[in-house]
Amino acid sequence: MIYDMKTLERLVAEKLLKIKAVKLQPANPFTWASGWKSPIYCDNRKTLSYPEIRTFIKLQLARVIIEKYENVDAIAGVATGAIAQGALVADELGLPFVYIRSTPKDHGLENLIEGELKPGSKVVIVEDLVSTGGSSLKAVEAVRNFGCDVIGMVAIFTHGFPQSTSAFKAAQVQLTTLSNYDAVVEEGLRTGYIDEDEIATLQEWRKDPAKWDPDK
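Summarised in this report is the structure supplied together with it. (Residues numbered from 1 in each chain as written. Predicted model: local features only at pLDDT ≥ 70, side-chain atom pairs only at ≥ 80, totals over all residues. Heavy atoms only, no water.)

Here we take up the overall build of the protein chain. When you go through the protein chain residue by residue, the secondary structure sums to 7 helices and 10 strands. Overall, the protein chain is about 50 × 40 × 30 Å in size when its C-alpha atoms are taken along their principal axes. In the protein chain, which comprises 216 residues, the proportion classed as buried is 45%. For the protein chain, restricting intrachain contacts to residue pairs at least 6 apart in sequence, the fraction spanning at least 24 positions comes to 65%. Looking at the protein chain as shown, the accessible area adds up to about 11,100 Å², and 49% of this sits on carbon and sulfur atoms. Here the protein chain contributes 25 positively and 29 negatively charged side chains, and the mean placements of these two sets differ by 1 Å. (Helix = DSSP H or I, 4+ residues; strand = E, 2+ residues; numbered from the N terminus. Buried < 20%, exposed > 50% of the residue type's maximum accessible area, 1.4 Å probe, protein only. Contact = heavy atoms within 4.5 Å. Areas by Shrake-Rupley, 256 points an atom, 1.4 Å probe, with all protein chains shown as cover. Lys, Arg positive; Asp, Glu negative; His and termini not counted. Charge placed at Lys NZ, Arg CZ, Asp CG, Glu CD.)

In spatial order, the strands read β7-β6-β5-β8-β9-β10; together these 6 strands make up an open sheet with mixed pairing. Strands with a single pairing partner mark the edges of an open sheet, and in this sheet they are β7 (113-114) and β10 (175-180). With 5 bridges connecting them, strand β9 (residues 149-158) and β10 associate as parallel partners. Considered in β10, the bridge of V154 is made with T176. In this fold helix α1 (residues 5-18) packs onto β9 and β10, with an angle of close to 55° to the strand it touches most, β10. (Pairing = 2+ DSSP bridges. Axes fitted to C-alpha atoms, helices over the stretch in contact; angles between N-to-C directions.)

All right, on to the packing of aromatic side chains then. Per the counting criterion, the structure on display carries 7 aromatic pairs. For the ring pair F161 and W205, a centre distance of 5.4 Å and an interplane angle of 65° mean the geometry is edge-to-face. Within this pair, whereas F161 is found in the loop between β9 and α5 (162-170), its partner W205 is found in helix α7 (residues 199-207), the two being separated by 44 residues in sequence. Ring pairing ties together the aromatic residues W32, W36, F161, Y181 and W205, which thus form one cluster. The residue whose ring lies beneath K15 is F56, and the NZ or CZ to ring-centre distance is 4.7 Å. (Phe/Tyr/Trp six-rings, centres within 6.5 Å; stacked < 30°, edge-to-face > 60°. Lys NZ or Arg CZ within 6 Å of the ring centre and 35° of its normal.)

For the rest of this paragraph, the subject is the nonpolar core. The biggest cluster of nonpolar side chains holds 43 residues, and the ones touching the most others in it are I40, L61, I65, V154 and F157. When residues no more than four places from it in sequence are discounted, the contact partners of L61 are Q85, V89, V126, V154, A155, I156 and L178. Residues I100, V123, M153 and V173 belong to the second largest nonpolar core, which totals 21 residues. (Core = buried A, V, L, I, M, F, W, Y, C linked by side-chain atoms within 4.5 Å.)

Right, here's the structure in full:
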């Protein structure tokens, strides 16, 4: 089935919340690996354990790639979160698949890109989650340094941070996501997952997550 992007964002948000791949806890914030305090935690690996949702996401990512990125030669997944999803999408599209390490392997061939990627290929990169965009754009740089053309990136979810939007624009990378922070908050409110009085906290955090203090 073909959905407009607004409907798709809502549907994916609903599915992520349903299986708790995304958790919203404004009153009891999480601590990210970066040390940031956050009212949201996203683990899209959980979608792989639910066949119906896994297939839905695979098909929608594949559809986006077909519609937005013509003449793609290969799919690349960003390690580790997008390796499985990227491979599923590549299989659906009948395209070669590689994955991109965060750092080169420390033995053997010391590969940064695993699999066989032909120089000059037009590549779409698959991510599971985009936050600040740092690791995603490092993957873009790795593919470009290999002599390939990154024609776009697709992801399941983005927090939509301003710095991420600016970074992707500066790197000249078109990012398309199935859902986003705003859609999750709206769906969370609609389904009673969060209360109206928690919206202000969620919006305040997104403005400057690095400096957000839940105790203020």
